Amino acid sequence: MSRRKKPLPFFEKLEITDAGAEGKCITRVDEKVIFVPFAAPGDIVDIQVTKKRKSYLEGRITKFHEYSEQREDPRCSHFGLCGGCKWQHIKYLNQLTNKQKQVKDNFDRIAKVPVGEFLPIIGADNEYYYRNKLEFTFSDRRWLTNMDTSKEEGGPKNTDGLGFHLPGRFDKILDIDNCYLQKDPSNDIRLAIRKYALDHEFDFYNVRNHEGFLRNLIIRTSSTGELMVILVFRYDDMDIGTMLKDIIEKFPEITSLMYVVNEKQNDTIWDLEIKLAHGKPYLLEEMKSPSNNDILKFKIGPVSFYQTNPEQAFKLYKVAFDFANFKGDELVYDLYTGTGTIAAFIAKSANKVVGIEYIEEAIAGAKENAEYNNIDNVEFFAGDIVKVLTPEFVNSNGQPDIIITDPPRAGMHEKVVKQILVIEPEKIVYVSCNPSTQARDISLLSEKYDVLKSQSVDMFPQTHHVENVALLVKR
């Protein structure tokens, strides 16, 4: 005999009290937190619970009784389906306030250490069109919205689309008409390529069956006005050449046109041959030096990592630079150096910089960029930082005065944190794209270090993501 599940709770006229994790907002019932997407602090709403857990609930709004003063109308027609800009309904100044509060909450709840000074968050000058890289997916399973003509009786049944993955769905994409994240001609290029593919009846990729001709489209831009387009196909075909020719004829401003044949099950291309069809094999990016009027130049290849918001990247690196307060004679370790952008940024203000990065291709780029900028006081090492950052490495390369660390969202490996505690640099400048893992690591580092300053920088307007820089000084 089957047991019927008890209906999930429904609550009326709850006030949304705060911003929470992953872009959701929160309210409480009987001391239990409810996480609610697309809400804003100050909303009075009815909520249908959708998931019930021991320590929290998740729910969705079914009715608004009062709208928060923090709200504004989202600009994008895809808001609510696309997972890219979950805070587009919240005024930008309120976004900044909520982000700053999240950082402080992480220090209070996770790090549990005093912070000498929380500096006001640095906002972005441009709330839209700030990304220099977008990746789109071809799929024969686009999400059919209520306005989609394919849902009409007797309408066309084509379900091919080019856009972003729906949140939580690996097999469906949202066909994007217009995206406000990347400047022109990004939208025009995507729409033209989609039209060409549909007109020529090319097969869009099916991830479940691993079938289809067209897989991905990557568009990269730079502050210098250069433009890179990369098309990813599942198999080689003579249609590739004619398609690429059509793209360059329509968009002669493209300075780098490339393509990849990816026969694998996953979408990564860093381990594949990337073929140049037109122009240069890289973009040129520029950033002002913090110590003088020099311009640093970086070659950005098709798989190179570079900060996604270049305008804010300068502000972020400038905070790290200022926190370090270089005297000119320091030995600096730059952990998770990537393509060496921070190393190059600080090199002329330090005696020597030693960079470590897991990805060998990134280190090759770091060395090339250092040479390109005539920087000769940096040295780079490729390998897992857990295995590279050993006492033998320190004996060989010198005791660092300052460690700058900029790890991925997962934060630093616990063994890396412990090794830093053994090395005992005078200062640690911790740059983080995930303040919760930063707070976790700082909790461990607090064994020997005090947190003097915290400075948040908004790299991603319209989202809940925030970068934070913390200055730790040895007691």
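What this report covers is the structure whose coordinates are included nearby. Computed from a predicted model, the values in this text were never measured in an experiment.

Criteria and cut-off values
Residues numbered from 1 in each chain as written. Predicted model: local features only at pLDDT ≥ 70, side-chain atom pairs only at ≥ 80, totals over all residues. Heavy atoms only, no water. Helix = DSSP H or I, 4+ residues; strand = E, 2+ residues; numbered from the N terminus. Rg over C-alpha atoms; globule rule 2.2 N^0.38 Å. Buried < 20%, exposed > 50% of the residue type's maximum accessible area, 1.4 Å probe, protein only. Contact = heavy atoms within 4.5 Å. Areas by Shrake-Rupley, 256 points an atom, 1.4 Å probe, with all protein chains shown as cover. Lys, Arg positive; Asp, Glu negative; His and termini not counted. Charge placed at Lys NZ, Arg CZ, Asp CG, Glu CD. Pairing = 2+ DSSP bridges. Axes fitted to C-alpha atoms, helices over the stretch in contact; angles between N-to-C directions. Left-handed = near helix turned anticlockwise from the far one by under 90°. Nonpolar A, V, L, I, M, F, W, Y, C, P; charged D, E, K, R; others polar. Phe/Tyr/Trp six-rings, centres within 6.5 Å; stacked < 30°, edge-to-face > 60°. Lys NZ or Arg CZ within 6 Å of the ring centre and 35° of its normal.

### Quick word on the overall build of the protein chain
So, point 1. In terms of regular secondary structure, the protein chain is built from ten helices and 23 strands.
So, point 2. Against the globule reference of 23 Å for 475 residues, the protein chain gives a C-alpha radius of gyration of 24 Å, in line with a compact fold.
So, point 3. Along the three orthogonal principal directions, the C-alpha set of the protein chain runs to about 75 × 65 × 50 Å.
So, point 4. Within the protein chain, the fraction of its 475 residues that count as buried is 53%.
So, point 5. A fraction of 64% describes how many contacts in the protein chain between residues 6 or more apart in sequence connect residues 24 or more apart.
So, point 6. If you sum the accessible surface of the protein chain, you get close to 22,800 Å²; carbon and sulfur atoms cover 49% of it.
So, point 7. In the protein chain, which carries 63 positive and 71 negative side-chain charges, the distance between the mean positions of the two groups comes to 6 Å.

### Brief notes about the sheet that holds strand 6 (residues 56-66)
So, point 1. Spatially, six strands are ordered 1-5-6-4-3-2 in an open sheet, and the strand pairing comes out mixed. Each having just a single partner strand, strand 1 (10-15) and strand 2 (18-19) make up the two edges of the open sheet.
So, point 2. In this structure, strand 1 lies alongside strand 5 (residues 44-52), joined through four bridges in antiparallel fashion. If you follow Phe11 over to strand 5, its bridge partner there is Ile47.

### Side note on the pairing of strand 23 (residues 467-474)
It is a general feature of regular strands that their side chains alternate between the two faces of the sheet.
So, point 1. Among the eight residues of strand 23, six are classified as buried, and the element is accordingly described as predominantly covered.
So, point 2. Where strand 21 (residues 427-432) meets strand 23, six bridges bridge the pair, whose relative direction is antiparallel. Bridge pairing in strand 23 links Lys427 to Val473.
So, point 3. As paired strands, strand 22 (residues 449-457) and strand 23 are joined by eight bridges and run antiparallel to one another. Residue pairing across strands places Lys453 opposite Leu471, the latter belonging to strand 23.

### What about the packing of helix 1 (residues 92-111) against helix 10 (residues 435-445)?
So, point 1. Closest axis-to-axis distance for the helix 1/helix 10 pair is 9 Å, and the angle between their directions is 40°. You can see that helix 1 and helix 10 cross each other, and the crossing is right-handed. For the pair formed by helix 1 and helix 10, the contact residues are Val103, Asn106, Phe107, Ile110 and Ala111 on the first element and Pro435, Ser436, Gln438, Ala439, Arg440, Ile442 and Ser443 on the second.
So, point 2. For the contact of helix 1 with helix 10, the per-class residue count stands at seven nonpolar, four polar and one charged.

### Topic: the sheet that holds strand 11 (residues 214-221)
So, point 1. Strand order in the open sheet made by the seven strands is 10-9-8-11-12-13-14, with mixed pairing throughout. The sheet is open, and its two edges are formed by strand 10 (173-175) and strand 14 (274-279), each paired on a single side. Recorded for the sheet is a direction-independent mean angle of 30° between the axes of neighbouring strands.
So, point 2. Those strands touched by helix 2 (residues 186-199) are strand 8 (133-139), strand 9 (161-165), strand 10, strand 11 and strand 12 (227-233), and its axis lies near 160° from that of strand 11.
So, point 3. Of the strands in this sheet, strand 11, strand 12, strand 13 (256-261) and strand 14 are in contact with helix 3 (residues 239-250), which crosses strand 13 at around 155°.

### Details of the packing of aromatic side chains
For any pair of aromatic rings, the description consists of the separation of the ring centres together with the inter-plane angle of the planes.
So, point 1. Under the criterion given, the structure shown has 20 aromatic pairs.
So, point 2. Through pairs of rings, three or more aromatic residues link up here, namely Tyr196, Phe202, Phe213, Phe233, Tyr235 and Tyr259.
So, point 3. Arg190 extends its terminal NZ or CZ atom over the ring of Phe136, reaching a point 5.1 Å from the ring centre.
So, point 4. The side chain of Lys299 reaches across the aromatic face of Tyr282, ending 4.9 Å from its centre.

### Things to note about the pairing of strand 20 (residues 402-405)
So, point 1. Residues Ile402 and Ile404 line one face of strand 20 and the alternating positions Ile403 and Thr405 line the opposite face, and both faces are buried.
So, point 2. As paired elements, strand 17 (residues 331-335) and strand 20 share four bridges and run parallel to each other. Looking across to strand 20, one finds that Tyr333 is bridged to Ile403.
So, point 3. Pairing analysis gives four bridges linking strand 20 to strand 21, with the strands arranged parallel.

### Here we look at unusual backbone geometry
So, point 1. A cis geometry characterises the amide bond from Asp184 onward to Pro185, with omega recorded as 10°.
So, point 2. For Pro185, the position within the fold is in the loop between strand 10 and helix 2.
So, point 3. In the Ramachandran plot, Asp30 falls in the positive-phi region, its phi being about 50° despite a non-glycine side chain.
So, point 4. Structurally, the position occupied by Asp30 is in the loop between strand 3 (25-29) and strand 4 (32-36).
So, point 5. Owing to a relative accessible area of 74%, Asp30 belongs among the exposed residues under this scheme.
So, point 6. Non-glycine residue Phe38 carries a positive phi angle of around 60°.
So, point 7. Topologically, Phe38 is positioned in the loop between strand 4 and strand 5.

By themselves, these observations are geometric and do not establish any function.
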